[in-house]
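# Coordinate inspection notes
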Amino acid sequence: HYDPVQAVQVYDCHDKLICSVEGMEKRTIVPFKAISPNMIKALLAAEDHRFYEHHGVSTIGIARAVFSNAVKGKVVEGGSTITQQLVKNLFFDGEKRTIDVKVAELFLSMKLEDRFSKQKILELYLNEVYFGNNAYGIEQAARKYFAKRAANLDIAEAAFLAGIIRAPSAGGMVEHRASSLARQKEVLR
């Protein structure tokens, strides 16, 4: 059961936001159909382009990350799928990154894929993920950055938002806009 605290929002008859009464996190949950297909494409391009080919865990992604990190001698790439990131955000947020936690994430990711459709996992992920600037979830991010609903994001806007997921606190800040726009271009490519 997914029911995070949301902000209560009041709109006028022209669908313009009048005011918002915040919870702990500024979040508005939206169904999958209320998320632009552009956002789905951008998210998959940025975070997990093999999303529809794996069952919650990507052995190819893990192997690629292990190799890249070994070559560089430090952690430069992650191998987590969108499902694993969702599991981490829902169940292990704030937990120390240990082998035990990573193994638990792997098993829970596979269980999540057994229980929910790929569409539902994407919906949950996009409603849960933090986009910086106190924008939790895709609806708040669309409103915060582009003054529009998640359903109306164009491909450039969606690529920008998908690009800042890796480092939302920095990516969403004006002083880091150049690197965020460079990441946007990577996602578009």
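Here's what I pulled together on the structure shown here. (Residues numbered from 1 in each chain as written. Predicted model: local features only at pLDDT ≥ 70, side-chain atom pairs only at ≥ 80, totals over all residues. Heavy atoms only, no water.)

## Thoughts on the pattern of salt bridges
The final tally for this structure, using the stated rule, is nine salt bridges. Between Glu157 and Lys148 there is a salt bridge, with the nearest N and O atoms lying 2.9 Å from each other. In this structure, the salt-bridge partner of Arg183 is Glu186, at a minimum N-O distance of 3.3 Å. With Arg183 and Glu186 both in helix α9 (residues 177–188), this residue pair falls three residues apart, about one helical turn. A relative accessible area of 10% places Arg183 in the buried class. Among the residues examined, Glu186 registers a relative accessible area of 43% and is labelled partly exposed. By sharing partners, the salt bridges in this structure join Asp15, Glu139, Arg143 and Arg149 into a single network. (Salt bridge = Lys/Arg side-chain N within 4 Å of Asp/Glu carboxyl O. Helix = DSSP H or I, 4+ residues; strand = E, 2+ residues; numbered from the N terminus. Buried < 20%, exposed > 50% of the residue type's maximum accessible area, 1.4 Å probe, protein only.)

## Here we look at a nonpolar patch on the surface
Nonpolar side chains collect at one region of the surface, where Ile99, Val103, Phe107 and Met110 lie side by side and expose about 390 Å² of accessible area between them. Tracing the sequence through the fold places Met110 in helix α4 (residues 99–115). (Patch = residues over 30% accessible without salt bridge, like charges linked within 9 Å, V, L, I, M, F, W, Y side chains within 5 Å. Areas by Shrake-Rupley, 256 points an atom, 1.4 Å probe, with all protein chains shown as cover.)

## A look at helix α3 (residues 82–91)
Given 3.6 residues to a turn, an α-helix orients residues that are three or four positions apart in the same direction. Where α3 is concerned, the buried positions are Ile82, Thr83, Gln84, Gln85, Leu86 and Val87. On its buried face, α3 is in contact with α1 (37–47), α4 and α5 (118–128). (Contact = heavy atoms within 4.5 Å.)

## What about the side chain of Glu113?
Tracing the chain through its elements places Glu113 in helix α4. We classify Glu113 as buried; its relative accessible area is 8%. Within the structure, Glu113 has its side chain in polar contact with the side chain of Lys118 (distance 2.9 Å). With residues up to four places along the chain from it excluded, the contact list for Glu113 reads Phe51, His54, His55, Gly56, Thr83, Lys118 and Ile121. (Polar contact = N/O pair within 3.5 Å; in protein donor to acceptor, adjacent residues only side chain to side chain.)

## Examining helix α6 (residues 138–146)
Burial analysis of α6 places seven of its nine residues in the buried class, which makes it a mostly covered element. Following α6 by one or two positions, Ala147 adopts a phi angle in the positive range, close to 50°.

## Observations concerning the side chain of Asn127
Along the polypeptide, Asn127 turns up in helix α5. At 2.9 Å, the side chain of Asn127 forms a polar contact with the backbone oxygen of Glu123.

## Topic: the environment of Phe146
With respect to the helices, strands and loops of the structure, Phe146 is situated in helix α6. Residue classification places Phe146 among the partly exposed positions, given a relative accessible area of 25%. Phe146 has contacts with Ala141, Leu153, Glu157, Phe160 and Leu161, leaving out every residue within four places of it along the chain.

## Quick word on the packing of aromatic side chains
Any two aromatic rings considered together are summarised by their centre-to-centre distance and by the angle between their planes. For the coordinates displayed, the defined rule picks out five aromatic pairs. On the basis of an interplanar angle of 80° and a centroid distance of 5.1 Å, the ring pair of Phe51 and Tyr52 is categorised as edge-to-face. Assessed through its relative accessible area of 1%, Phe51 is described here as buried. Take Tyr52: its relative accessible area is 53%, and that puts it in the exposed class. Aromatic rings pair up to connect Tyr145, Phe146 and Phe160 into one cluster. Cation over ring: Lys118 sits above Phe51, and NZ or CZ is 4.3 Å from the ring centre. (Phe/Tyr/Trp six-rings, centres within 6.5 Å; stacked < 30°, edge-to-face > 60°. Lys NZ or Arg CZ within 6 Å of the ring centre and 35° of its normal.)

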